[in-house]
Amino acid sequence: MKNYLYYLKKPLLLYRLNPNALKKYLLIYFLLLTSYSQSLASSSDTGYCRLSEMFLYAVRTNSSSDTFIEKFRTADREILHKQLSDDAYKKAFWLNIYNAFVQKLLTENPEKFKSRNSFFSSKQITIAGIHLSLDDIEHGLLRRSKIKWSKGHLNKLFPSGFEKQFRVDTLDYRIHFALNCGAKSCPPIAYYDSEEIDEQLGLAAKHYFSSEVEYNKVSGMVLLPKIMDWFSADFGGKKGMKSLLKKYGIIAANADVQIQFKKYDWTLFLNNYKS
């Protein structure tokens, strides 16, 4: 960008030396500037996915986030769809949006958390002119149109056109280790980047398993986070959960364990960011 700013100053010098050269110079300059602007507009890295990270950072640092909220509210739907071109972009964008809005809304009015069903189901977020709830983002967009209270076994019969356009193509169980709903049992918040999302979600899952899972080798009992019970089908049921315990090194490959689930601590706990 600094090269373009440099050339923006040059017309004054040209005018002093040769006024007739000014028109030719300006034509070349604006052609270059147009090309530069088009490259920015077509680049996902400078688009809404990156803005979602900046929005989350503004919320974390108690900076003004109104500009970001307005950009998301007035986003061009087709441009947004073009930029969220695959699941990597979709997961990074919607995770950042969800986590940022939870923190912002509850910081501004912690009383909302006393009526959690209303808090999660109320359409308090506007993206590209469409009013969304936190449930819409989690279960509709990130869980690919799952019915909230079905443990992941049932899909919505009639998802909205927006949901079908912007939901992930494949449900990734690891999002449950990245979504922070404002409660003490939630995983910590990170900034998710489309280029690193797979590695980031892998680390989030590994960290959550190591910090939240309790395993008693003597009794063969494993206590898992309650979210794995609420959305058990997302994890492949108990058989899938046992495979994950082996994958993340919690139990031995030949271990035979019994699974139970911990209680969920709904105590309000904000600003739980990864350091």
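Up top you'll find the structure we're talking about.
None of these values were measured; they are calculated from a predicted model.

Criteria and thresholds
Residues numbered from 1 in each chain as written. Predicted model: local features only at pLDDT ≥ 70, side-chain atom pairs only at ≥ 80, totals over all residues. Heavy atoms only, no water. Axes fitted to C-alpha atoms, helices over the stretch in contact; angles between N-to-C directions. Helix = DSSP H or I, 4+ residues; strand = E, 2+ residues; numbered from the N terminus. Parallel < 35°, antiparallel > 145°, perpendicular 65-115°, else oblique. Left-handed = near helix turned anticlockwise from the far one by under 90°. Contact = heavy atoms within 4.5 Å. Buried < 20%, exposed > 50% of the residue type's maximum accessible area, 1.4 Å probe, protein only. Core = buried A, V, L, I, M, F, W, Y, C linked by side-chain atoms within 4.5 Å. Nonpolar A, V, L, I, M, F, W, Y, C, P; charged D, E, K, R; others polar. Salt bridge = Lys/Arg side-chain N within 4 Å of Asp/Glu carboxyl O.

It is worth spelling out the packing of helix α3 (residues 48-60) against helix α4 (residues 66-73) at this point. For the pair α3 and α4, the least separation of the axes is 9 Å and the interaxial angle reads 150 degrees. Considering the angle they form, α3 stands roughly antiparallel to α4. In this structure, α3 crosses over α4, and the sense of that crossing is left-handed. Side by side, α3 and α4 meet where Tyr48, Leu51, Ser52, Met54, Phe55 and Ala58 of the first sit next to Phe68, Ile69, Lys71 and Phe72 of the second.

Let us look at the environment of Asp172. Its location among the elements puts Asp172 in the loop between α9 (161-166) and α10 (197-212). On the accessibility criterion, Asp172 (10% relative accessible area) is buried. Put simply, Asp172 and Lys91 are 81 residues apart on the chain and 9.0 Å apart in space, counted from C-alpha to C-alpha. With sequence-adjacent residues up to four places away left out, Asp172 is seen in contact with Lys91 and Leu201.

All right, on to the nonpolar core then. In terms of nonpolar packing, the biggest core is built from 70 residues, with Phe93, Trp94, Ile127 and Phe177 touching the most fellow members. The element best represented in this core is helix α6 (residues 87-108), accounting for twelve residues.

Interaxial distance between α6 and helix α8 (residues 134-142) falls to 10 Å at its minimum, and their mutual angle equals 160 degrees. When the axes of α6 and α8 are compared, the pair comes out roughly antiparallel. Considering how the two elements wind past one another, α6 and α8 form a crossing that is left-handed. Here Lys90, Lys91, Trp94, Leu95, Ile97, Tyr98 and Val102 of α6 lie close against α8, whose contacting residues are Leu134, Ile137, Glu138, Leu141 and Leu142. Taken together, the residues that form the contact of α6 with α8 break down as nine nonpolar, no polar and three charged.

Here we take up α8. The buried count for α8 comes to nine of nine residues, which makes it a mostly enclosed element. Among the residues of α8, Leu134, Asp135, Asp136, Ile137, Glu138, His139, Gly140, Leu141 and Leu142 are the ones counted as buried. Where α8 ends, the next residue or the one after it, Arg144, has phi of about 60 degrees, a positive value.

This part takes up the pattern of salt bridges. The tally for this structure, following the rule as stated, stands at 17 salt bridges. Across the pair Asp193 and Arg50 runs a salt bridge whose closest N-O atoms are separated by 2.7 Å. One end of the pair, Asp193, is in the loop between α9 and α10; the other, Arg50, is in helix α3, with 143 residues separating them in the sequence. For Arg50, a relative accessible area of 27% corresponds to the partly exposed category. Two residues, Arg73 and Glu70, come together in a salt bridge whose shortest N-O distance is 2.6 Å. Residue Arg73 and its partner Glu70 are located together in helix α4, separated by three residues, close to a single helical turn.

The next subject is the environment of Glu195. Inspection of the secondary structure assignment puts Glu195 in the loop between α9 and α10. When its relative accessible area of 58% is taken as the criterion, Glu195 is described as exposed. Sequence separation between Glu195 and Ala92 is 103 residues; the distance between their C-alpha atoms is 9.0 Å.

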